[in-house]
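Coordinate inspection notes
So you can see what is in the structure, the chains are spelled out below.
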Amino acid sequence: MNILITLCGRGGSKGIPGKNIKKLNGTPLLAYSIKHAKEFAKAHSNVDILLSTDDKAIKEVASSFGLETEYVRPNYLANDTIGKIDVLKDAIKFQENKNQKEYDILLDLDITSPLRTQNDLNEGLNKLLDDDRAINLFSVSKPHKNPYFNVVEDSDNGYCKLVCPSDTRSRQTAPQVFDMNASFYFYRRIFFENGCKSAITERSLYYIMNHICFDLDEPLDFDMMEYLLANDKLGMNL
């Protein structure tokens, strides 16, 4: 089984400028995912790692942590209107042409959501491999809100309504839902061959993390994660 690990990053960011290489508890954010990728590669055979970016500064930081890449993300894939799936398809095509081999599994590690463990990755992969019909798997966390109970949206009458109308009267009796925490995604080759446009398909699986995990969208998110790391509040070694 051939596995490709992708790390995708862009230089521009409206929420946290330069966040992919911004130092988090003294270490560039990108370096955490490089470490996770290398540890996973050591534990498995036939694993390659690819950095997908159009940013020179990101490539330089990656190089300083031992990840070199010849790939440069094309300009048409380097903007906020392009979906992640298109970026991944181009990356896997490049690496397959370069190495003259096909990848059975693609593991995408999101740079902006580094709160993951090797156990998470290994259990996630095993769950996907145990289901022959599943074409991908992504990490999730238990939610703070539930659309069947306390998440609302605008209604046509000018007032508001539950996102998912339900007869439930308590959060405990509402259908179970999960937050996609963007930390990692496993894709089988068939996912891309089928032309899927979203990570959520009719044959997708999820892996529930039993620890805190969230991605960095705003400066406050960065401050919160740095506090957790600096004060050893996570109970895990990144």
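Here goes a summary of the coordinates provided. Everything quoted here is computed from the prediction, not taken from an experiment.

**Focus on the overall build of the protein chain**
- Within the protein chain, the regular secondary structure consists of 6 helices and 10 strands.
- Against the globule reference of 18 Å for 238 residues, the protein chain gives a C-alpha radius of gyration of 19 Å, in line with a compact fold.
- Structurally, the protein chain occupies a C-alpha span of about 55 × 40 × 35 Å along its principal axes.
- In the protein chain, of all internal contacts separated by at least 6 residues, the share reaching a separation of at least 24 is 73%.
- Of the roughly 12700 Å² that the protein chain leaves accessible, carbon and sulfur atoms contribute 47%.
- Placing the 29 positive and 34 negative side-chain charges of the protein chain at their respective mean positions leaves the two points 1 Å apart.

**A few points about the state of the cysteines**
- All told, the structure shown has 0 disulfides when counted by the stated rule.
- Of all cysteine sulfurs, the one in Cys160 lies closest to Cys164, which takes part in no disulfide; the gap is 14 Å.
- Here Cys213 stays unpaired: no disulfide links it, and the sulfur of Cys8, its closest cysteine neighbor, is 17 Å away.

**Remarks on the packing of helix H1 (residues 29–43) against helix H4 (residues 118–129)**
- Relative orientation of the contacting elements H1 and H4 amounts to 55 degrees, with a least axis distance of 10 Å. Classed by the angle they form, the pair H1 and H4 counts as oblique. Of the two elements, H1 crosses H4, and the hand of that crossing is right-handed. The segment H1 lies against H4, with His36, Glu39 and Phe40 engaging Gln118, Leu121, Asn122 and Leu125.

**Considering the nonpolar core**
- Membership of the largest hydrophobic core comes to 44 residues, with the highest contact counts inside it found for Ile5, Leu7, Leu30, Phe40, Leu107, Phe184 and Phe186.
- Looking at which element gives the most residues to this core, the answer is H1, with 7 residues.
- Not counting the four nearest positions on each side in its chain, Leu30 is found in contact with Leu7, Asn20, Leu51, Ile58, Val61, Ala62 and Ile111.
- Membership of the second largest hydrophobic core comes to 22 residues, among which are Ile85, Phe138, Tyr185 and Phe192.

**Comments concerning the sheet that holds strand E5 (residues 105–110)**
- Spatial strand order, E4-E1-E5-E9-E6-E10: 6 strands in an open sheet with mixed pairing. The open sheet terminates on both sides in strands that have one partner only, identified here as strand E4 (47–52) and strand E10 (204–208). Strand-to-strand twist across the sheet, computed as the mean angle between neighbouring axes with direction ignored, equals 25 degrees.
- Bridging between strand E1 (residues 3–8) and E5 involves 6 bridges; their strand directions are parallel. Within E5, the position partnered with Ile5 by the bridge is Leu107.
- Strands in contact with H1 are E1, E4, E5 and strand E9 (179–188); relative to E1, the strand with the most contacts, it is inclined by about 175 degrees.
- H4 rests against E1, E5, strand E6 (136–141), E9 and E10 of the sheet, and its axis sits at about 55 degrees to E9.

Calculation criteria
The residue numbers shown here count from 1 along each chain, following its written sequence. At least 70 in pLDDT is required for a residue's local features to be given in this predicted model, at least 80 for side-chain atom pairs to be given and counted, and no such filter applies to totals for whole chains, interfaces and linings, which use all residues. Derived side-chain values reflect all non-hydrogen atoms in the structure, with water molecules and hydrogen atoms excluded from consideration. Only DSSP runs of H or I reaching four residues or more are called helices, and only runs of E reaching two or more are called strands; each is numbered from the N terminus. In this description the radius of gyration comes from C-alpha coordinates, and the expected globular size is given by 2.2 Å times residues to the power 0.38. Here, residues are in contact when the closest pair of their heavy atoms is within 4.5 Å. Areas reported here follow the Shrake-Rupley algorithm with a probe of radius 1.4 Å; residue values treat only the protein chains shown as occluding. In this tally Asp and Glu are treated as negative and Lys and Arg as positive; neither His nor the chain ends contributes. The location of each charge is read from NZ of Lys, CZ of Arg, CG of Asp or CD of Glu. The disulfide criterion is simple: two cysteine sulfur atoms within 2.5 Å. Orientation is described by lines fitted to C-alpha atoms, with helices fitted over the stretch in contact, and by angles between N-to-C directions that extend from 0 to 180 degrees. Relative orientations are named as follows: roughly parallel for angles under 35 degrees, roughly antiparallel for angles over 145 degrees, roughly perpendicular for angles from 65 to 115 degrees, and oblique for any other angle. Left-handed describes a crossing in which the near helix is turned anticlockwise from the far one by less than a right angle; the clockwise case is right-handed. Take the buried Ala, Val, Leu, Ile, Met, Phe, Trp, Tyr and Cys residues and link them wherever side-chain atoms come within 4.5 Å; each set so joined is a nonpolar core. When accessible area is computed with a 1.4 Å probe and restricted to protein chains, residues below 20% of their type maximum are described as buried, those above 50% as exposed, and intermediate ones as partly exposed. When DSSP finds two or more bridges between a pair of strands, those strands are recorded as paired.

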